[in-house]
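What follows is the residue order along each chain.
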Amino acid sequence: MITVDASPFEFTFDPAATALVVIDMQRDFIEPGGFGETLGNDISHMQRAIAPTAMLLRLFREEGWPVIHTRETHAQDLSNCPPAKRDRGSPALRIGDIGPMGRILIQGEPGAEIIAECAPVAGETVIDKPGKGAFYATELGIILEGLGARSLVFAGVTTEVCVQTTMREANDRGFECLLIEEATESYFPAFKAATLDMIRAQGGIVGWTAPLASFEKAIQQ
Ligand code: TIU
């Protein structure tokens, strides 16, 4: 067992039953002209999460522990994009519209790909998900069962949307969830801070958070 100095208290995990879940490190959320920017967000905040997420990936790869990447994408015919998701608000471009990186949030388009710094390598699982949570309408639950995973380490964007939704889904399914603090970002710094607080409030009601250095130190001991 490995114990990480985490909040609200120590996070202990069995490395043979743990997977890294990297949420939606896609060009559409991080680069100009993608979904995040068309919604009116300041995408510059996303940059901070790239190097820590890449480092976390390296740690898992060095240990040979399983890595799962997710992408928020929709079918080309939008059959898995509810009209309520596409039609709301007044974005510059809607899901499925053509932007500078291809059709916004559509499977197979350049913008839907994971950024080079965090790109999957051979043997890693990539899950396309139509929702904010990675369990809804995907095989994530079956894949984790196959791995025998009981603990999940999380990274990715955005903290309060897809990361938090997926952590909540995982927590309800009985997984113990640790979010690495520097390896996640929001377009709204106050939302990131509030999300970290609400995850670990009430005795870890959703899970744990820890700095990357604490995780690295724990696995290298
Ligand atoms: N808009 C926003 O903050 N996030 C998303 O739409 N998706 C994810 O968080 N991946």
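In this report, we go over the structure that sits alongside the text. In this numbering scheme, every chain counts its residues from 1 along its sequence in written order. Selection of residues for local features in this predicted model requires a pLDDT of at least 70, selection of side-chain atom pairs for listing and counting requires 80 or more, and totals for whole chains, interfaces and linings are taken over all residues. Calculation of side-chain values draws on the structure's entire complement of heavy atoms; hydrogens and water are dropped beforehand.

So, the overall build of the chain
Helix and strand assignments follow DSSP, with helices taken as H or I runs no shorter than four residues and strands as E runs no shorter than two, numbered in order from the N terminus. Of the regular secondary structure elements, the chain holds eight helices and ten strands. By the compact-globule yardstick of 17 Å for 221 residues, the chain fits well, its C-alpha radius of gyration being 17 Å. Projecting the C-alpha coordinates of the chain onto the three principal axes gives extents of approximately 50 × 35 × 30 Å. Think of it in three bands: residues with accessible area under 20% of the maximum for their type are buried, residues over 50% are exposed, and the middle band is partly exposed, with areas taken using a 1.4 Å probe on protein chains only. Taking all 221 residues of the chain together, the buried fraction comes to 53%. When contacts within the chain are restricted to residue pairs at least 6 apart in sequence, long-range pairs at least 24 apart make up 73% of them. Here the chain displays about 9,500 Å² of accessible surface, and carbon together with sulfur accounts for 52% of that area. Our radius of gyration is a C-alpha quantity, and the globule rule it is checked against amounts to 2.2 Å times the number of residues to the power 0.38. The contact rule is simple, with two residues in contact once any of their heavy atoms fall within 4.5 Å. Here, Shrake-Rupley sampling with a 1.4 Å probe gives the accessible areas, and only protein chains in the shown set may cover a residue.

Considerations on the pattern of salt bridges
A carboxyl oxygen of Asp or Glu within 4 Å of a side-chain nitrogen of Lys or Arg is what we treat as a salt bridge. Tallied over the entire structure, the rule returns 14 salt bridges. Taking the shortest distance from any N to any O, the salt bridge between Lys129 and Asp24 comes out at 2.7 Å. Of this pair, Lys129 sits in strand E7 (residues 125–129) while Asp24 sits in the loop between strand E3 (18–23) and helix H1 (27–30), and the two are 105 residues apart along the sequence. For the pair formed by Lys129 and Asp24, the shared burial category is buried. Linking Lys85 and Glu72 is a salt bridge whose minimum nitrogen-to-oxygen distance equals 2.7 Å. Within this pair, whereas Lys85 is found in helix H4 (residues 83–87), its partner Glu72 is found in strand E4 (residues 67–72), the two being separated by 13 residues in sequence.

Quick word on the site of the ligand
Nearness of a residue to a molecule or strand requires only that one of the residue's heavy atoms be within 4 Å of it. Around the ligand sit Asp24, Phe29, Phe35, Leu39, Glu72, Lys132, Val157, Thr158, Val161, Cys162 and Tyr187, and that is every residue in its neighbourhood. The side chain of Lys132 places a nitrogen or oxygen atom 2.8 Å from an oxygen atom of the ligand. Within the side chain of Thr158, an N or O atom sits 2.9 Å from an oxygen atom of the ligand. Starting from 280 Å² of accessible surface for the ligand in isolation, the protein chains cover 93%. Classification used: nonpolar for Ala, Val, Leu, Ile, Met, Phe, Trp, Tyr, Cys and Pro, charged for Asp, Glu, Lys and Arg, polar for all others including Gly. For the shell around the ligand, a count of residues per class yields seven nonpolar, one polar and three charged. Contacts described as polar in this section are N or O atom pairs within 3.5 Å, which, within protein, must combine one atom able to donate a hydrogen with one able to accept it, while residues neighboring in sequence count only if both atoms come from side chains.

Looking at the side chain of His45
With respect to the helices and strands, the residue His45 is situated in the loop between helix H2 (35–38) and helix H3 (47–63). Each residue touching His45, except ones within four places of it in the same chain, is listed here: Glu185, Ser186, Tyr187 and Pro189.

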